[in-house]
Amino acid sequence: MTGQDERQRVEVLYTAYYGRLLAFCRRQLTDVPELLDDADDFVQEALVTALCHEKELDACKHIYGWLLHVCANRIGNAKKRLRVRRSHTLYRIDAPDMPELADSRDRLEQWLTRCESDEVVAALCALLTDTERAVFDDVFLLGRRIRETAERNGMSEPAVKKVIRRIRGKAGRLPARSGLFALILLGILLMLRGR
């Protein structure tokens, strides 16, 4: 793409989507006034991302939805950074409304939970066939949609769904504690991805 084509593409994306994306970002940030001024930056980052991933964007039927998704991810990341920053902030001891400092054991518990989930995923992956492992990686770990997974693995969509059911069945056959945890983990992953 030449410089002129790129400039023209930026202008088309900007004029077509900038106002709507900015309104979306501002709505998403109403609960976090500290980030409200960054709404314009999130839109610009989404447009730059669109230019960097032009092949994906060209293959996408709903460009506006793709850009909304990028904006939502940027906003989510910013909110998470702000929460972390707030949790690390120290307060004056004599402040009348001083909140309690975070318990360091919470981080230890989070780390243990993360390690346990890694162990469960490893145990589950040991039970899976190569085809099941490929589908597991695509759907649960990489967050691909059923259609994308089917295309990548040369399968039909119903075949991918059948493999997912087999994976869930194997997760249920893990030892009692980790099996339940694996089913919960798979349920949460599917819920987060809107399946």
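Everything numeric in this text was worked out from a predicted model, so none of it was measured.

Summing up its helical and strand segments, the protein chain has nine helices and zero strands in all. Going residue by residue from the N terminus, the α and β elements of the protein chain occur as α-α-α-α-α-α-α-α-α. Excluding contacts between residues fewer than 6 apart, the proportion of contacts in the protein chain whose partners are at least 24 apart in sequence is 59%. Surface accessibility of the protein chain: about 13,500 Å² in total, with carbon and sulfur atoms responsible for 54%.

Per-residue pLDDT for the protein chain averages 76, and the proportion of residues at 70 or more is 71%. Considering each helix and strand of the protein chain separately, the mean pLDDT is smallest for helix H9 (residues 176-192), with a value of 54, and largest for helix H7 (residues 146-153), with 90.

Packed helices, taken two at a time, are described by their axes: the angle between them and the distance between them. As a packed pair, helix H6 (residues 130-141) and H7 sit with axes 10 Å apart at the nearest point and diverge in direction by 145°. H7 is crossed by H6, and the crossing has right-handed handedness. Of the residues in H7, those touching H6 at Ala134, Val135, Asp138 and Val139 are Thr149, Arg152 and Asn153.

If you look at the biggest cluster of nonpolar residues, it comprises 25 residues, and the most contacted ones within it are Leu21, Cys25, Val43, Leu47 and Leu67. Of all elements in the fold, only helix H1 (3-28), helix H2 (39-52) and helix H4 (63-88) reach the threshold of two or more residues within this core. Considering each element in turn, this core owes the most residues, eight residues, to H4. In this structure Cys25 touches Ala39, Phe42, Val43, Cys71 and Ile75, once residues within four positions along its chain are discounted. Counting residues in each nonpolar core, the second largest holds 15 residues, with Leu124, Leu128, Val135 and Ile146 among its members.

In this model, H2 (14 residues) spans 20 Å end to end at C-alpha, consistent with the 20 Å of a helix rising 1.5 Å per residue. Among all positions of H2, only Ala39, Phe42, Val43, Ala46, Leu47, Thr49 and Ala50 are buried. Around the axis of H2, the buried residues are gathered within 160° of arc, so they sit on the same side.

Here we take up the side chain of Lys170. Relative to the helices and strands, Lys170 resides in helix H8 (residues 157-172). Overall, Lys170 belongs to the buried group, its relative accessible area being 15%. Lys170 has contacts with Leu124, Leu127, Leu128, Thr129 and Glu132, leaving out every residue within four places of it along the chain.

Counting across every chain of the model gives eight salt bridges. Notably, a salt bridge pairs Glu132 with Lys170, separated by 2.6 Å at the nearest N-O pair. Of this pair, Glu132 sits in helix H6 while Lys170 sits in helix H8; the two residues are 38 residues apart in sequence, bridging distant segments of the chain. We note a salt bridge from Arg144 to Asp138, for which the minimum N-O separation is 2.9 Å. Each of Glu132, Arg166 and Lys170 takes part in a single network of salt bridges with overlapping partners.

About the thresholds
- Residues numbered from 1 in each chain as written.
- Predicted model: local features only at pLDDT ≥ 70, side-chain atom pairs only at ≥ 80, totals over all residues.
- Heavy atoms only, no water.
- Helix = DSSP H or I, 4+ residues; strand = E, 2+ residues; numbered from the N terminus.
- Contact = heavy atoms within 4.5 Å.
- Areas by Shrake-Rupley, 256 points an atom, 1.4 Å probe, with all protein chains shown as cover.
- pLDDT = per-residue confidence, 0-100.
- Axes fitted to C-alpha atoms, helices over the stretch in contact; angles between N-to-C directions.
- Left-handed = near helix turned anticlockwise from the far one by under 90°.
- Core = buried A, V, L, I, M, F, W, Y, C linked by side-chain atoms within 4.5 Å.
- Buried < 20%, exposed > 50% of the residue type's maximum accessible area, 1.4 Å probe, protein only.
- Expected span 1.5 Å × (residues − 1).
- Arc of directions from axis to C-beta.
- Salt bridge = Lys/Arg side-chain N within 4 Å of Asp/Glu carboxyl O.

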